[in-house]
Amino acid sequence: MAAMTTVPSYTPSLWVRVCHALPRLDLTMQMRDNIFVPDSWEYQQTLLVLSSLSAIALVISLLVVLSFLIHYCCCHRGDRSEGSDEEEEDEDGSTGHGYSGKKGRGICCVTWVAVAAVTLCCVAIGIGFYGNSEANDGMYQLTSSLLTANYTLASIDLLISDTIAGLQLSISGPLTTMEELFTGSKPFLVSTRNCRRLSENVMNLLSSISLARSSIGAGLGNDSSISGASIIPLTPVPPSVAPTVVPTSSLIPSPFSPGWAANTLMVNEDYRWLSYVLLLLLDLIVCLFILLGLAKQARWLLILMTVLAWLALFLSWGSLGLETATVVALSDFCSDPNTFVLNSTNFNTGTSSDVLDYYLTCSRRMNSPFQQLLTQSQRALSNIHTHLSSLDRNALPQFPKAEKSLREVQQILNSTEGNFHQLVALLNCRGLNKDYIDSLKGLCYDGMEGLLYLSLYSFLSALAFTAILCSLPGAWRSFPSESEEYEDSDSESEDPFTSHQDSKRFLQWQPWL
């Protein structure tokens, strides 16, 4: 509920609330909180316990398949002699080399179970493709928002550096020349020096526009003692959709950069998307060739597909465990993202919590932490403009040589004021907050939905491959052996139109032959 009141235009979805409400147990089976703290070992234990559920399901699947294999291999050995007797009796009422009676019904049941399992696997594959696409769309929206935020931060940095460079150029060039020209006139010299002092003041104020806590405090306390600082990225990136390669904290640059995060997520998302596509194609190939093997009664093909089905079974349960942990962790983050961002050392190292809270919430009741600095800078620029206008009216008639330097200072001032207005607009919380909310929507809406569909795919495919591995041994056991096929082909070559028994009856019916 905290996220609903702190982040405008973002509310946790129903699935986020449901997954966030799941009970959490650590390795000692004690209840733990569901607060998103990825660096905590206790929180990691809860995710390991949830992932271990898929390992338990894998063991159960292996026991089920093993029981069916024991049933086919051991319990049916004594049925071969009985089956041969039944086949001799069935030959009197059947033609060709088809199956009938109890054996035929068993073969039909096993075949249809295999077909139903393959159909379920195909349905799961369709769900998997949809979930993979949804997760990719969410990651694309997340990275796009991060790149937009990074562009905004880079523009702020560029405007500040250009403004400071222009003011430094005016101080070292035209203003110095004007001071030399106005040496004999004290009022004009005082106005020129005031312009220099105000320009230095603006430079210090703009240099203090940073998320660094010490720089902001210095800027508000003593304008002339502020040291230069660069813009630190304001927009954090939430955790990525797993299963992806998450960089360790030692690899995270300082200060944190949304551009670096976006590039890292894009690379990892490409690998994640490709991995799932390959897994889905593997499942699809196995299902299609199993149907082909059943239709052609090709034992070698079914044996090969059985080996691949074992591989697919392990991959399905393994991916389900990884997806389960990721879904739960993502729901914990999406239920209250602001708390994690404000408390995370990766985002607030040397950063004022007021600045982060301003850009994360963007509430109308909150004032910009840079408002005082921007107001002081605006007043200083206005005073510089007043002094230059006074010098233009009064000093130029007496010192015509100062006109060129004065025009250069006015040009730099006009450029500085233009950059300043753009800087004020970019420092407003609405742009960066919109990028933040868009990244949350991409991650917590589309990304969460995609992961849930992928989890459903993994679960259904695991069940389907379990059923397939249980039914395939019975299916290829019912196929005719090579010797039976050879005898059937010999009988068909003797009389292609009737069976051997029909020929015998026909000869007995003709007494004159």
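Because the structure is a prediction, the values reported are computed rather than measured.

Caption draft 1: The arrangement of the nonpolar core in detail. Counting 43 residues, the largest nonpolar core has Phe182, Leu206, Ile209, Tyr359, Phe370, Leu423 and Leu427 as its most contacted members. For this core, the elements supplying multiple residues, two or more each, are α5 (101–172), α6 (174–181), α7 (186–207), α13 (353–361), α14 (371–394), α15 (403–427) and α16 (429–477). The next biggest cluster of nonpolar side chains, apart from the first, holds 33 residues, and it includes Ala114, Leu313, Leu320 and Tyr457.

Caption draft 2: Expanded view of unusual backbone geometry. Here Met29, not a glycine, exhibits a phi torsion of approximately 65 degrees, which is positive. Structurally, Met29 is set in the loop between α2 (14–20) and α3 (41–75). With a relative accessible area of 52%, Met29 lands in the exposed category. Positive phi values are uncommon outside glycine, yet Cys362 reaches one of about 50 degrees. Inspection of the secondary structure assignment puts Cys362 in the loop between α13 and α14. Among the residues examined, Cys362 registers a relative accessible area of 16% and is labelled buried.

Caption draft 3: How the structure looks around α14. Taking 1.5 Å per residue, 24 residues should reach 34 Å; α14 reaches 35 Å between its end C-alpha atoms and fits that length. Along α14, the residues that are buried comprise Leu373, Leu374, Gln376, Ser377, Ala380, Leu381, Ile384, Leu388 and Leu391.

Caption draft 4: Fine view of the state of the cysteines. Summed over the entire model, instances satisfying the criterion amount to 2 disulfides. In this model, Cys334 is linked to Cys444 through a disulfide, with the two sulfur atoms separated by 1.9 Å. Measuring the twist about the S-S bond at about -85 degrees, one finds the Cys334-Cys444 disulfide to be left-handed. Of this pair, Cys334 sits in helix α10 (residues 299–335) while Cys444 sits in helix α16; the two residues are 110 residues apart in sequence, bridging distant segments of the chain. According to the relative accessible area criterion, Cys444 is buried, its value standing at 0%. Disulfide pairing is shown between Cys362 and Cys429; the S-S distance is 2.1 Å. Its S-S torsion of approximately 65 degrees makes the covalent link between Cys362 and Cys429 right-handed.

Caption draft 5: Up close: the UniProt feature "transmembrane region" (unreviewed entry) in the protein. Sites flagged by UniProt as "transmembrane region" (unreviewed entry) map to residues 47–70, 107–130, 273–294, 301–320 and 451–472. Along residues 47–70 one finds 100% helix and 0% strand; the C-alpha atoms at either end are 35 Å apart. Within the segment residues 451–472, helix and strand shares are 100% and 0% respectively, and the terminal C-alpha atoms sit 31 Å apart.

Caption draft 6: Main features of the pattern of salt bridges. Applying the stated rule across the entire model yields 8 salt bridges. Taking the shortest distance from any N to any O, the salt bridge between Glu42 and Arg32 comes out at 3.5 Å. On the criterion of sequence distance, the pair formed by Glu42 in helix α3 and Arg32 in the loop between α2 and α3 is long-range, its members being 10 residues apart. With relative accessibility at 41%, the residue Glu42 sits in the partly exposed group. Between Asp438 and Lys434 there is a salt bridge whose closest N-O contact spans 3.0 Å. Taken together, the positions of Asp438 and Lys434, both in helix α16 and 4 residues apart, correspond to about one turn of that helix. It is possible to trace a salt-bridge network through shared partners that takes in Asp26, Arg32 and Glu42.

Caption draft 7: Representation of the packing of α6 against α7 within the structure. Relative orientation of the contacting elements α6 and α7 amounts to 160 degrees, with a least axis distance of 9 Å. Compared by their axis directions, α6 and α7 come out roughly antiparallel. As for the relative orientation of α6 and α7, their crossing is left-handed in sense. Residues Leu175, Thr176, Met178 and Glu179 of α6 form the contact with α7, whose participating residues are Leu189, Thr192, Arg193, Cys195, Arg196 and Ser199. Each residue belonging to the contact of α6 with α7 can be placed in one class, and the counts come to 4 nonpolar, 3 polar and 3 charged.

Caption draft 8: Here's a closer look at the side chain of Ser54. Along the chain, Ser54 falls in helix α3. Residue Ser54 is classed as buried on the basis of its relative accessible area, which comes to 10%. Among the polar contacts listed, one links the side chain of Ser54 to the backbone nitrogen of Gly321, at a separation of 3.4 Å. Beyond its immediate sequence surroundings of up to four residues, Ser54 is in contact with Trp317, Leu320 and Gly321.

Here is what the cut-offs are and how they apply
- Residues numbered from 1 in each chain as written.
- Predicted model: local features only at pLDDT ≥ 70, side-chain atom pairs only at ≥ 80, totals over all residues.
- Heavy atoms only, no water.
- Core = buried A, V, L, I, M, F, W, Y, C linked by side-chain atoms within 4.5 Å.
- Buried < 20%, exposed > 50% of the residue type's maximum accessible area, 1.4 Å probe, protein only.
- Helix = DSSP H or I, 4+ residues; strand = E, 2+ residues; numbered from the N terminus.
- Expected span 1.5 Å × (residues − 1).
- Disulfide = S-S within 2.5 Å.
- UniProt positions renumbered as here; feature names shortened; annotations may be inferred.
- Salt bridge = Lys/Arg side-chain N within 4 Å of Asp/Glu carboxyl O.
- Axes fitted to C-alpha atoms, helices over the stretch in contact; angles between N-to-C directions.
- Parallel < 35°, antiparallel > 145°, perpendicular 65-115°, else oblique.
- Left-handed = near helix turned anticlockwise from the far one by under 90°.
- Contact = heavy atoms within 4.5 Å.
- Nonpolar A, V, L, I, M, F, W, Y, C, P; charged D, E, K, R; others polar.
- Polar contact = N/O pair within 3.5 Å; in protein donor to acceptor, adjacent residues only side chain to side chain.

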